Amino acid sequence: QVQLVESGGGLVQAGGSLGLGCTTSGGTFSSSFVGWFRQATGKEREFVAAIARSGNTLYGSSVKGRFTITRDSIKNTVLLQMNSLNPEETAVYFCAQHRAGPLYATQSYDSWGQGTQVTVSS
């Protein structure tokens, strides 16, 4: 079974940038869509962005214009570039493979990584 693995989390100052990566172990992405979500302590998991194999993208309203999701099929990697981060975006960031349903819904995804912590200091 394909496992998703996130990388690139860490500590960044408010207004700074950070890049996250998502790749697979045990195979390649089997889904046409890969998404990024985040979950802050005590809050529900929130949609961040998704990308199709074609390169089409969808962003959550709170990150549009600041985050960029890209996909490198040769390297089997999905990247999330995050700019102008603010402390409220401190969360565990997860990537996931889409199965069926709306791209912004957590229940539409059936394979999740373990997550990577992003901490934005004020």
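Coordinates for the structure precede this section.
What counts, and where the lines are drawn
Residues numbered from 1 in each chain as written. Predicted model: local features only at pLDDT ≥ 70, side-chain atom pairs only at ≥ 80, totals over all residues. Heavy atoms only, no water. Core = buried A, V, L, I, M, F, W, Y, C linked by side-chain atoms within 4.5 Å. Buried < 20%, exposed > 50% of the residue type's maximum accessible area, 1.4 Å probe, protein only. Helix = DSSP H or I, 4+ residues; strand = E, 2+ residues; numbered from the N terminus. Contact = heavy atoms within 4.5 Å. Pairing = 2+ DSSP bridges. Axes fitted to C-alpha atoms, helices over the stretch in contact; angles between N-to-C directions. Phe/Tyr/Trp six-rings, centres within 6.5 Å; stacked < 30°, edge-to-face > 60°. Lys NZ or Arg CZ within 6 Å of the ring centre and 35° of its normal. Salt bridge = Lys/Arg side-chain N within 4 Å of Asp/Glu carboxyl O. Polar contact = N/O pair within 3.5 Å; in protein donor to acceptor, adjacent residues only side chain to side chain.

A. Structural detail: the nonpolar core. Of all hydrophobic cores here, the largest spans 26 residues; its most connected members are Trp-36, Leu-80, Met-82 and Tyr-93. Elements supplying a minimum of two residues to this core: strand E3 (18-25), strand E4 (33-39), strand E5 (46-52), strand E7 (67-72), strand E8 (77-82), strand E9 (91-98) and strand E11 (116-121). Sequence-distant contacts of Met-82, defined by excluding residues within four places in its chain, comprise Gly-16, Ser-17, Leu-18, Leu-20, Arg-66, Phe-67, Tyr-93 and Val-118. Ranked by size, the runner-up nonpolar core spans 6 residues in total, among them Phe-47, Ala-96, Leu-103 and Tyr-109.

B. Summary view of the sheet that holds E7. One open sheet accounts for 4 strands, arranged E1-E3-E8-E7; its pairing is antiparallel. Only two strands of the sheet have a single neighbouring strand rather than two, namely strand E1 (3-7) and E7. The sheet shows a mean angle of 20° between the axes of neighbouring strands, taken without regard to direction. Judged from the 6 bridges that link them, E7 and E8 form a sheet pairing that is antiparallel. Looking at E8, one finds that Thr-68 is bridged to Gln-81.

C. Representation of the packing of aromatic side chains within the structure. Taken as a whole and judged by the stated rule, the model has 5 aromatic pairs. Centre to centre, the rings of Phe-37 and Phe-47 are 5.5 Å apart; their planes meet at 70°, and the pair counts as edge-to-face. With Phe-37 in strand E4 and Phe-47 in strand E5, the pair connects residues that are 10 residues apart, well separated along the chain. Through successive ring pairs, a cluster of aromatic residues spans Phe-37, Phe-47, Phe-94, Tyr-109 and Trp-112. Directly above the aromatic system of Phe-94 lies the positively charged group of Arg-45, at a separation of 3.8 Å from the ring centroid. The ring of Trp-112 has Arg-45 sitting right over it, with the charged end atom 4.7 Å from the ring centre.

D. Main features of the pattern of salt bridges. Evaluated as defined, the whole model comprises 3 salt bridges. Arg-38 is paired through a salt bridge with Glu-46; the nearest N and O atoms lie 2.8 Å apart. With its nearest N and O atoms 2.5 Å apart, the salt bridge here joins Arg-66 to Glu-89. Of the two residues, Arg-66 sits in the loop between strand E6 (57-59) and E7 while Glu-89 sits in the loop between E8 and E9, which places them 23 residues apart along the sequence. By relative accessible area, which is 17% here, Arg-66 ends up buried. A single network of salt bridges, built from pairs that share partners, joins Arg-38, Glu-46, Arg-66 and Glu-89.

E. View of the side chain of Ser-111. For Ser-111, the position within the fold is in strand E10 (residues 109-112). There is a polar contact of 3.4 Å between the side chain of Ser-111 and the side chain of Asp-110. Those residues in contact with Ser-111 that sit more than four places away from it in its chain are Leu-4, Cys-95, Ala-96 and Gln-97.

F. View of the pairing of E4. With 5 of 7 residues buried, E4 is to be regarded as a mostly interior element. With 6 bridges joining them, E4 and E5 adopt antiparallel strand pairing. Bridge pairing links Phe-37 to Phe-47 in E5. Where E4 hands over to E5, the hairpin turn is made up of 6 residues, of which Gly-42 adopts a positive phi near 80°. By the bridge criterion, 6 bridges tie E4 to E9 in an arrangement that is antiparallel. The residue bridging Arg-38 from the neighbouring strand is Tyr-93, located in E9.

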